[in-house]
Amino acid sequence: MAILKIARMGHPILMRRAQEVDDPDAPENRYLVHNLIETMADARGLGLAAPQVHVSKRVVVFQTPVDDPERAADEPAERELTVLFNPVIEPVSDEIVYGWEGCLSVPELRGEVPRHAAVRYRGLTLDGGAIDRTVDGMHARVVQHECDHLDGILYPMRMTDMSKLVFESEFHHLIEAARDPDSHEEDTEEELVDG
Ligand code: NI
């Protein structure tokens, strides 16, 4: 396995529509998925799409927090890994929500991005099995971010308010400004989607 070089905004591979995958189970696709997972972990991303490692195929990997009512508030949520080939996404409501995202192909920046609040997505797993899920919250945001990569779309292209495109190192200013003084909640750092 290998840690792959990540393409950055401006590279043409990030701007084109990636190709459907006929056989997720083929050895070269298994190898690609292993490398995507390893590269994602190394870069501490929540998700990674094949075009981000210079491979124009419709496959993404991403992690989503597992709902665990037993979990203590200070304990990080466990994450479930999804491997998804040839995804198809559809919104399941008209509701749009804004949330902060980062992207391994747009390093050092954060942006507030509108996304569908809930989506249904379908696709194939690594062994060719079918995935059909309806999700909301962070899961819905991660899926939309990663699948956008397969259509040549980076999150800044989805933004509607460019005053909300900031450097990571300045991000705390926005969190502080947005914090309700009556709230005891911690900042929203763990809500960030970075893929
Ligand atoms: Ni990304």
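As a convention, each chain's residues are numbered from 1 in the sequence order in which they are written. Confidence filtering applies because this is a predicted model: local features only for residues at pLDDT of at least 70, side-chain atom pairs given and counted only at 80 or more, and all residues used for totals across whole chains, interfaces and linings. For the side-chain quantities, the full set of heavy atoms in the structure was used; hydrogens and water were omitted.

**Quick notes on the overall build of the protein**
No. 1: Secondary structure elements follow DSSP: runs of H or I no shorter than four residues count as helices, runs of E no shorter than two count as strands, and numbering proceeds from the N terminus. Of regular secondary structure, the protein possesses three helices and nine strands.
No. 2: Starting at the N terminus and walking to the C terminus, you meet the elements of the protein as α-β-β-β-β-β-β-β-α-β-α-β.
No. 3: Rg of the C-alpha trace for the protein: 17 Å, near the compact-globule value of 16 Å for 195 residues, within the 12% margin.
No. 4: Projected onto the principal axes, the alpha-carbon positions of the protein cover approximately 55 × 40 × 35 Å.
No. 5: The long-range fraction of contacts in the protein, counting pairs at least 24 apart against all pairs at least 6 apart in sequence, stands at 68%.
No. 6: Computed with the Shrake-Rupley method and a 1.4 Å probe, the accessible areas treat only the protein chains shown as cover for residues. Carbon and sulfur atoms make up 49% of the accessible area of the protein, which amounts to about 10,700 Å² in all. Radius of gyration here uses only the C-alpha atoms, and the compact-globule reference equals 2.2 Å multiplied by the residue count raised to the power 0.38. We call two residues in contact when some of their heavy atoms are within 4.5 Å.

**Here's the deal with the coordination of the nickel ion**
Each donor-metal-donor angle would ideally measure 109.5 degrees in four-coordinate tetrahedral geometry, or 90 or 180 degrees in six-coordinate octahedral geometry.
No. 1: Metal sites are built from N, O and S donor atoms within 2.8 Å, or 3.2 Å for Na, K and Ca, and they leave out water, so they may look incomplete. Protein ligation of the nickel ion involves Cys103 (SG), His145 (NE2), His149 (NE2) and Gly195 (O), the donor distances falling in the range 2.1 to 2.5 Å.
No. 2: Tetrahedral means four donors with every angle between 85 and 135 degrees, whereas square planar (four donors) and octahedral (six donors) require angles over 155 degrees between opposite donors and between 65 and 115 for all others; sites fitting neither are termed irregular. Each of the four donor atoms bound to the nickel ion contributes to angles spanning 103 to 119 degrees, and the resulting shape is tetrahedral.
No. 3: Considered as a linear motif, the donors of the nickel ion on their single chain read C-x41-H-x3-H-x45-G. In this pair, His149 sits in helix α2 (residues 137-150) while Gly195 sits in the segment after β9 (193-194), placing the two residues 46 residues apart along the sequence.
No. 4: Note on classification: 1.4 Å probe, protein chains only; a residue is buried when its accessible area is under 20% of the maximum for its type, exposed when over 50%, partly exposed between these limits. Residue classification places His149 among the buried residues on the basis of a relative accessible area of 1%.
No. 5: Gly195 sits in the buried class, given a relative accessible area of 0%.

**Looking at the sheet that holds strand β3 (residues 79-91)**
No. 1: In this analysis, strands are considered paired if DSSP registers two or more bridges between them. Ordered by their spatial adjacency, five strands build an open sheet running β1-β2-β3-β6-β7, and the pairing between neighbours is antiparallel. One side of each edge strand has no neighbouring strand; the edge strands of this open sheet are β1 (47-49) and β7 (130-136). Shown here is a sheet whose adjacent strand axes are inclined to one another by a mean of 40 degrees, direction ignored.
No. 2: In terms of strand pairing, β3 meets strand β6 (residues 118-124) through five bridges, oriented antiparallel. From the neighbouring strand, Pro91 faces β6, where its bridge partner is Val119.
No. 3: A fitted line through C-alpha atoms serves as each axis, taken over the contacting stretch for helices, and the angle formed by two N-to-C directions is quoted from 0 to 180°. Packing of α2 onto the sheet brings it into contact with β1, β2 (59-65), β3, β6 and β7, and relative to β2 it is tilted by some 165 degrees.

**Considering the layout of surface pockets**
No. 1: Taken as a whole, the second largest pocket encloses approximately 320 Å³ of empty space.
No. 2: The wall of the second largest pocket is formed by 16 residues, among which Ile89, His116, Gln144, Asp148 and Arg158 lie closest to the centre.
No. 3: Among the elements of the structure, β3, β5 (106-116) and α2 are those that each provide at least two residues to the lining of the second largest pocket.
No. 4: Here the residues of the lining of the second largest pocket sort into nine nonpolar, two polar and five charged. Lining residues are those with an atom within 4 Å of a point, where the points come from a 1 Å grid over the protein atoms alone and group into cavities, where a 1.4 Å probe fits but cannot get out, or pockets, open sets with protein on both sides within 12 Å along at least five of seven lines. Grid points are joined across faces, edges and corners, and a volume is the space filled by probe spheres set on the points. Residues are sorted three ways: Asp, Glu, Lys and Arg are charged, Ala, Val, Leu, Ile, Met, Phe, Trp, Tyr, Cys and Pro are nonpolar, and all the rest, Gly among them, are polar.

**Concerning a negative patch on the surface**
No. 1: Side chains of Asp67, Asp68, Glu70, Asp74, Glu75 and Glu78 sit close together on the surface and give a patch of like negative charge.
No. 2: Relative accessible area serves as the criterion here: at 37%, Asp68 is assigned to the partly exposed category. Like-charged residues within 9 Å of one another, or nonpolar side chains (Val, Leu, Ile, Met, Phe, Trp, Tyr) within 5 Å, are grouped into patches, provided each residue has over 30% relative accessible area and no salt bridge. By definition, a salt bridge exists where a carboxyl oxygen of Asp or Glu is found within 4 Å of a side-chain nitrogen of Lys or Arg. Two residue types count as positive, namely Lys and Arg, and two as negative, namely Asp and Glu; His and chain ends fall outside the count. A charge is said to be at NZ when it belongs to Lys, at CZ for Arg, at CG for Asp and at CD for Glu.

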